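Overview (structure and organization)
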Amino acid sequence: MPIYRTTAKRFFISEVSEFIFTNFKNHFDHLKIILPNGHLCNYLQKNIVNKLGTTILPNITPINDINSSLEDSFQIPSQQIERITSLEERVILTEIINSYDKLNYTLPQTISLASSLAKLFFEFEANNIEFDKLKNIPTLDQAEHWYFIYNFLEFAHKNWQERITALKKSTPAQYQRLIFNAELNRIQEAKNYTVIAGVIGNNQVTKDFIVQISKLKNGYIILLPFVTPDQSELTKLLPEEPLYN
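Residues numbered from 1 in each chain as written. Predicted model: local features only at pLDDT ≥ 70, side-chain atom pairs only at ≥ 80, totals over all residues. Heavy atoms only, no water.

Another point: the overall build of the chain. A count of helical and extended segments in the chain gives nine helices and five strands. The secondary structure elements of the chain, listed N-terminal to C-terminal, are β-α-β-α-β-α-α-α-α-α-α-β-α-β. Burial status across the chain gives 41% buried among its 245 residues. In the chain, the proportion of contacts linking residues at least 24 apart, taken out of those at least 6 apart, comes to 76%. (Helix = DSSP H or I, 4+ residues; strand = E, 2+ residues; numbered from the N terminus. Buried < 20%, exposed > 50% of the residue type's maximum accessible area, 1.4 Å probe, protein only. Contact = heavy atoms within 4.5 Å.)

Structure below.
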């Protein structure tokens, strides 16, 4: 499986487009392209249409919008495939915060904290960090203040897990891991091609997904643009070789 890098940030989508034209022009119906966000997806789609006119477009999707296929859904228990929504999660966390007697927050403060807690719990779970390890963070001269925070977080985390379990739904991190695994199975079993371009592993779940794609014979990784120490290396690239191994 080849790993490629690009020459400059301003040429990124143009170079990805040329790579796709060169390697998959006659196979768009068997091609999936994964990009960092919807804006780049739209930009790439316009590039393809501008160059080829009316054509069958490849499947272009942001990394966070990868969903399980219909076949995968039947293979995954409903209590796992159904994730808790952002609104449900924040309502639950708001109720948990309000039930903690030692805090006396206003409603706007509680809603803001609920949003921050949701992100914190996701980061811990997505990066395989055990919550109990928070207790071992050096406290310096603010031990009493830190333990107050830790006790609250421990209370909130325990209740958050219990509430989601009772709803028989997946946490956002569990759902992302499940969907990425289903996508990897689809790629392995299909006679299709997958190009993942410019996506960084901002958590361990995403990093593992990218690494697994890099091991597949029908997977291609295009790294983010980066500056080389020796800029003269870039002058050696031919115009028809915007991407290189």
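A few words now on the packing of aromatic side chains. The geometry of two aromatic rings is summed up by the distance between their centres and the angle between their planes. Applying the stated criterion across every chain yields a total of 13 aromatic pairs. Ring centres of Phe24 and Tyr193 lie 5.2 Å apart, and the angle between their planes is 50°; this geometry places the pair in the tilted category. Note that Phe24 is positioned in helix α1 (residues 12-24) and Tyr193 in strand β4 (residues 193-197), a separation of 169 residues in sequence. Overall, the relative accessible area of 1% leaves Phe24 in the buried class. Each residue in the set Phe121, Phe124, Phe131, Trp146, Tyr150 and Trp160 is aromatic and connected to the rest through ring pairs, giving one cluster. (Phe/Tyr/Trp six-rings, centres within 6.5 Å; stacked < 30°, edge-to-face > 60°.)

Taken together, the five strands give an open sheet; going across it, the order is β1-β5-β4-β2-β3, and neighbouring strands pair in parallel fashion. Taken across any chain shown, the strands that pair with only one partner, and hence form the sheet edges, are β1 (3-4) and β3 (59-62). In terms of strand pairing, strand β2 (residues 31-35) meets β4 through four bridges, oriented parallel. Paired with Leu31 across the bridge in β4 is Tyr193. (Pairing = 2+ DSSP bridges.)

A word on unusual backbone geometry. Although it is not a glycine, Asn128 adopts a positive phi angle of roughly 55°. Within the secondary structure, Asn128 sits in the loop between α6 (107-126) and α7 (143-167). Taking the relative accessible area as the measure of exposure, Asn128 reaches 52% and is therefore exposed. Despite not being glycine, Lys168 shows a phi value in the positive range, around 60°. Looking at Lys168, the relative accessible area reads 61%, which means it is exposed.

When charged atoms on two side chains of opposite charge get close, those side chains can pair. Applying the stated criterion across every chain yields a total of seven salt bridges. Note that Glu95 is salt-bridged to Arg163, the shortest N-O span being 2.6 Å. Of this pair, Glu95 sits in helix α5 (residues 86-98) while Arg163 sits in helix α7, and the two are 68 residues apart along the sequence. Given the relative accessible area of 33%, Arg163 is considered partly exposed. For Glu183, the salt bridge goes to Arg186, with nearest N and O atoms at 2.7 Å. Taken together, the residues span about one helical turn, with Glu183 and Arg186 both in helix α8 (residues 172-189) at a distance of three residues. On the basis of relative accessibility, which here comes to 3%, the residue Glu183 falls in the buried class. Within the structure, one salt-bridge network assembled from shared partners comprises Lys32, Glu183 and Arg186. (Salt bridge = Lys/Arg side-chain N within 4 Å of Asp/Glu carboxyl O.)

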